[in-house]
Amino acid sequence: MSDHAVLRVTGRVLVGPEEVRDELWVVGGRITFDRPAGARDVRTVHGWALPGLVDAHCHVGLDHHGAVDDATTEKQARADRDAGALLLRDAGSPADTRWTDDREDLPKIIRAGRHIARTRRYIRNYAHEIEPADLVTYVAREARRGDGWVKLVGDWIDRDAGDLTACWPRAEVEAAIAEAHRLGARVTAHCFAEAALRDLVEAGIDCVEHATGLTEDTIPLFAQRGVAIVPTLVNIATFPALAAGGQEKFPRWSAHMNRLYERRYDTVRAAYDAGIPVFVGTDAGGGLAHGLVAGEVEELTKAGIPPLEALSATTWGARTWLGRPSLEEGAPGDLVVYDEDPRADVRVLAAPRRIVLDGHVVG
């Protein structure tokens, strides 16, 4: 697109859950609702327009072995883009993906630095593996490296216990979260099980990933503190296969994973009903392919979240939570256009008609 090119989007522009405009323009990569004077080289796209979707938990630059090369990183980012996910919160990666910021054809990434895990208590080659005495130091390091987020591994299998257990003592995690907040970063944590949740929330954590271990005891605590969850239900669907693979060696862990899986929808619905903020994330980039954002929205509706709320969890609401604009005056021209109203059926998200980044039609 030339410097003077203008994009016009007509049809139904969903600037909010209930607020609909008839058109918008993108001039110089920025949205305006005022028809530009003397516009030329105008390209028109017609349909139902949404803000670029958000995948609030993925891993760009990572596969099941660890960091990947730039070509693989680009392929992952393109897969997300082609699915309509134009804003990604990278919830931990050992790769340096800053170079993608210079690419107008790739999604915008909000990075949480590299995972911080307990020694020998996470997937090999993924994380800084440290002991509790070093937690504050590493949290400060990743807070400075990231884009306003830090990612802890809150629980993982303890081979001596044969089950999931909490990774960090309460005092150390309190000090680490306080340091992150002092540096202007929010903190999130991977948590499958129940044991770590109360300490993390009472220590001031901002978000919990997966959160399959929520119970009637901890759900009110999350709601009172306003702690968000990103359930990653498309990833939780892999629990039965994981459990089967570890059943002989770790039967307690296997049974626990199956229980967490079986109650996954009830857990998410109970969290939503209690007022806990719920956002869309896929956990792509480890064992899962990128580009699954539409499937995760559909999973939230299967859990009982109303379709409009599930849609907001990947659009207006998610962008507000992450501090990024939606379809508003002066915002970057990042949007996705569909043939039908996605509010009526979220499965529409699986078939974007046009994808626009910074005013460029890229798909």
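All residue numbers refer to positions counted from 1 along the written sequence of the respective chain. With the structure being a predicted model, the display of local features is reserved for residues of pLDDT at least 70 and the display and counting of side-chain atom pairs for 80 or more, all residues being used for whole-chain, interface and lining totals. The side-chain quantities take in all heavy atoms of the structure and omit both hydrogens and water.

Asker: Got a minute to help me understand the overall build of the chain in this structure?
Answerer: Segments assigned H or I by DSSP are reported as helices when at least four residues long, segments assigned E as strands when at least two residues long, and all are numbered from the N terminus. Within the chain one finds 12 helices and 20 strands. Atoms counted for the radius of gyration: C-alpha only. Globule rule: 2.2 Å times the number of residues to the power 0.38. For the chain, whose C-alpha radius of gyration is 21 Å, the value lies close to the compact-globule estimate of 21 Å for 363 residues. On the principal axes, the C-alpha backbone points of the chain span a range of 70 × 40 × 35 Å. Between buried and exposed lies partly exposed: a residue is buried under 20% and exposed over 50% of the maximum accessible area for its type, with that area taken using a 1.4 Å probe on protein chains only. Out of the 363 residues in the chain, the part that is buried amounts to 55%. Here a residue-residue contact requires only that any non-hydrogen atoms of the pair lie within 4.5 Å. Within the chain, contacts between residues separated by at least 24 positions form 66% of all contacts whose residues are at least 6 apart in sequence. With an accessible surface of roughly 14700 Å², the chain has 46% of that area assigned to carbon and sulfur atoms. Distance between charge centroids for the chain: 2 Å, based on 43 positive and 56 negative side chains. To be clear on the numbers: accessible area is Shrake-Rupley with a 1.4 Å probe, and residue cover counts the displayed protein chains and nothing else. The charge count treats Lys and Arg as positive and Asp and Glu as negative. His and the chain ends do not count. Where a charge lies is defined by one atom per residue type, namely NZ (Lys), CZ (Arg), CG (Asp) and CD (Glu).

Asker: Looking at this model, I keep getting lost on the nonpolar core. Mind explaining?
Answerer: Side chains of nonpolar character tend, in soluble globular proteins, to be buried together. If you look at the biggest cluster of nonpolar residues, it comprises 85 residues, and the most contacted ones within it are I116, L152, I205, F222 and L300. Ignoring sequence-local partners within four residues, the contact set of I116 consists of A127, H128, I130, L135, Y138, V139, E142, V150, K151, L152, V153 and W168. Core analysis: the second largest hydrophobic core is formed by 15 residues, V9, I31, F33 and V45 among them. Put simply, buried Ala, Val, Leu, Ile, Met, Phe, Trp, Tyr and Cys residues joined by side-chain atoms within 4.5 Å make one nonpolar core.

Asker: Mind showing me how you'd approach the sheet that holds strand β9 (residues 108-111) here?
Answerer: Within a sheet, neighbouring strands are paired by backbone hydrogen bonds and run either parallel or antiparallel to one another. The three strands are arranged β5-β8-β9 in an open sheet whose pairing can be described as parallel. Where the open sheet ends on each side, the last strands, each with one partner, are β5 (53-58) and β9. Geometrically, the sheet is characterised by an average inter-axis angle of 20° between neighbouring strands, direction not taken into account. When DSSP finds two or more bridges between a pair of strands, those strands are recorded as paired. Taken together, the four bridges between β5 and strand β8 (residues 85-90) define a ladder with parallel strand orientation. The partner of C58 across the bridge, within β8, is D90. Interaxial angles span 0 to 180 degrees and are taken between N-to-C directions of axes, which are lines fitted to C-alpha atoms, for helices over the stretch in contact.

Asker: It is not clear to me how the side chain of R111 should be interpreted in this structure. Could you clarify?
Answerer: Following the sequence through the fold, R111 ends up in strand β9. For R111, a relative accessible area of 7% puts it in the buried group. N or O atoms closer than or at 3.5 Å make up a polar contact, with two conditions inside protein: a donor-capable atom paired with an acceptor-capable one, and, for residues adjacent in sequence, both atoms drawn from side chains. Within the structure, R111 has its side chain in polar contact with the side chain of T100 (distance 3.2 Å). In this structure the side chain of R111 is engaged in a polar contact, spanning 3.0 Å, whose partner is the side chain of D101. With residues up to four places along the chain from it excluded, the contact list for R111 reads D90, T97, R98, T100, D101, G146, D147, G148 and W149.

Asker: In this structure, what is going on with the pattern of salt bridges? I would like to understand it.
Answerer: Opposite charge on two side chains allows them to pair when their charged atoms are near. Whenever a carboxyl oxygen of Asp or Glu lies within 4 Å of a side-chain nitrogen of Lys or Arg, that contact is scored as a salt bridge. On inspection of all chains with the given rule, the structure shows 29 salt bridges. When the shortest N-O distance is used, the salt bridge between R12 and D22 registers 2.6 Å. Taken together, the residues span a long stretch of sequence, with R12 in strand β1 (residues 6-14) and D22 in strand β2 (residues 20-27) at a distance of 10 residues. According to the relative accessible area criterion, D22 is exposed, its value standing at 52%. Here D273 ties to R269 by a salt bridge, and the two come within 2.7 Å at their closest N and O atoms. Taken together, the residues span about one helical turn, with D273 and R269 both in helix α9 (residues 264-273) at a distance of four residues. Each member of the salt-bridge network shares a partner with another, and the members are R170, E174, R198, D199 and E202.

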